[in-house]
Amino acid sequence: MTGEECIFIARSEEETIVLGEKIGRLLKPGDVIAMTGTLAAGKTTITKGIAKALGVEDTVTSPTFCLISEYEGTGMPLYHIDAYRLEGEEDFLNLGVEEMLYGRGVCVIEWSERVGSCLPKKTIHLSLLPLEDGSRKITIRNWNNGTIE
C-alpha cells in the first residue's frame, strides 16, 4: 500500500502487534502517526508492534496518566503521546511537542482527534475500529513510506 487509504483486519492482539511491526519497519525519523479509536480499540497494542520494530526493549504501556512516554530504540526514539486527557490544542502545544513532532524519532499520538490541527500535513492517520467478532479494522491514510506486506 502506498499513498492512499488501505484497510487491514487484525483478528487478534498478536496480529495487531505484527501489523505494528510491519509499519514500524518502514517509519523514518520525523514520522508522526495520529491514531483514533474507541477505548480498547487497540491503539496501544499496535504501538507495541511499532516499538518492537524500532528496537525498543522497554514495556510499552498507555501513557494516559503521564501523557507522554519516550522510549529509546536501537534505530530511533519513539514518542508515545496520549491526548485523551488534554483540554485541546493549547494543552497539547504546552507539552512542548514540537520537538517530538519534528524531531529525530517517531511520534505516535493516541486520541489525535483532540489535537488534529496541530499535526504536520504529512501525518500518517490510523483509525482502529473494534468489530463484533473481536477483530479490529485498521485503516491507514496518508501513508507514503512504502508497501506494507
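Up top is the structure these notes are about.
Just so we're clear, the structure is a prediction, and the values are computed from it rather than from any experiment. (Residues numbered from 1 in each chain as written. Predicted model: local features only at pLDDT ≥ 70, side-chain atom pairs only at ≥ 80, totals over all residues. Heavy atoms only, no water.)

Enquirer: Help me understand the environment of Lys121 in this model?
Expert: Looking at the secondary structure, you find Lys121 in the loop between strand 5 (106-110) and strand 6 (124-130). In this structure the C-alpha to C-alpha distance between Lys121 and Phe65, which are 56 residues apart in sequence, comes to 28 Å. (Helix = DSSP H or I, 4+ residues; strand = E, 2+ residues; numbered from the N terminus.)

Enquirer: Where do I start with the layout of surface pockets in this structure?
Expert: Any empty space left between the atoms is revealed when a probe the size of a water molecule rolls over them. In this structure, the largest pocket encloses a volume near 280 Å³. Taken together, 19 residues line the largest pocket, and the ones lying closest to its centre are Ala40, Ala41, Gly42, Lys43 and Thr45. Mapped by element, the contributors of at least two residues to the lining of the largest pocket are helix 1 (13-25) and helix 2 (43-53). When residues of the lining of the largest pocket are assigned to their parent elements, the largest contribution, 3 residues, is made by helix 2. Residue composition of the lining of the largest pocket, grouped by class: 6 nonpolar, 8 polar and 5 charged. (1 Å grid on protein atoms, 1.4 Å probe; cavity = no way out; pocket = protein on both sides within 12 Å on 5 of 7 lines; lining within 4 Å. Points joined across faces, edges and corners; volume = space filled by probe spheres on them. Nonpolar A, V, L, I, M, F, W, Y, C, P; charged D, E, K, R; others polar.)

Enquirer: Got a minute to help me understand the nonpolar core in this structure?
Expert: One broad trend across soluble globular proteins is that nonpolar side chains are buried collectively. Among the nonpolar cores identified, the biggest contains 26 residues, and Ile23, Ile33, Leu78, Leu126 and Ile140 are the most heavily contacted of them. At the level of elements, strand 1 (6-10), helix 1, strand 2 (32-36), helix 2, strand 5, strand 6 and strand 7 (136-141) are the ones that each hand at least two residues to this core. When sequence neighbours within four positions are dropped, the list of residues in contact with Ile23 reads Ile33, Ile46, Ile50, Leu126, Ile140, Trp143 and Ile148. Grouped together as the second largest cluster of nonpolar side chains are 17 residues, Leu86, Ile109, Trp111 and Val115 included. (Core = buried A, V, L, I, M, F, W, Y, C linked by side-chain atoms within 4.5 Å. Buried < 20%, exposed > 50% of the residue type's maximum accessible area, 1.4 Å probe, protein only. Contact = heavy atoms within 4.5 Å.)

Enquirer: Whenever I open this one, the sheet that holds strand 4 (residues 78-82) confuses me. Can you help?
Expert: Spatial ordering of the open sheet is given by 1-7-6-2-5-4-3, a layout of 7 strands whose pairing is mixed. Two strands close off the open sheet at either side, each with one partner strand: strand 1 and strand 3 (68-71). When the angles between neighbouring strand axes are averaged without regard to direction, this sheet yields 20°. As judged from the 6 bridges shared by strand 6 and strand 7, these two strands associate in the antiparallel manner. Residue pairing for strand 7: Leu128 is matched across the bridge by Ile138. (Pairing = 2+ DSSP bridges. Axes fitted to C-alpha atoms, helices over the stretch in contact; angles between N-to-C directions.)

Enquirer: Teacher, can you tell me more about the pairing of strand 2 here?
Expert: In the case of a regular strand, side chains alternate between the two sheet surfaces. In terms of residue burial, strand 2 counts as a mostly covered element, since 4 of its 5 residues are buried. Judged from the 4 bridges that link them, strand 2 and strand 5 form a sheet pairing that is parallel. Bridging across to strand 5, Ala34 finds its partner in Ile109. By the bridge criterion, 4 bridges tie strand 2 to strand 6 in an arrangement that is parallel.

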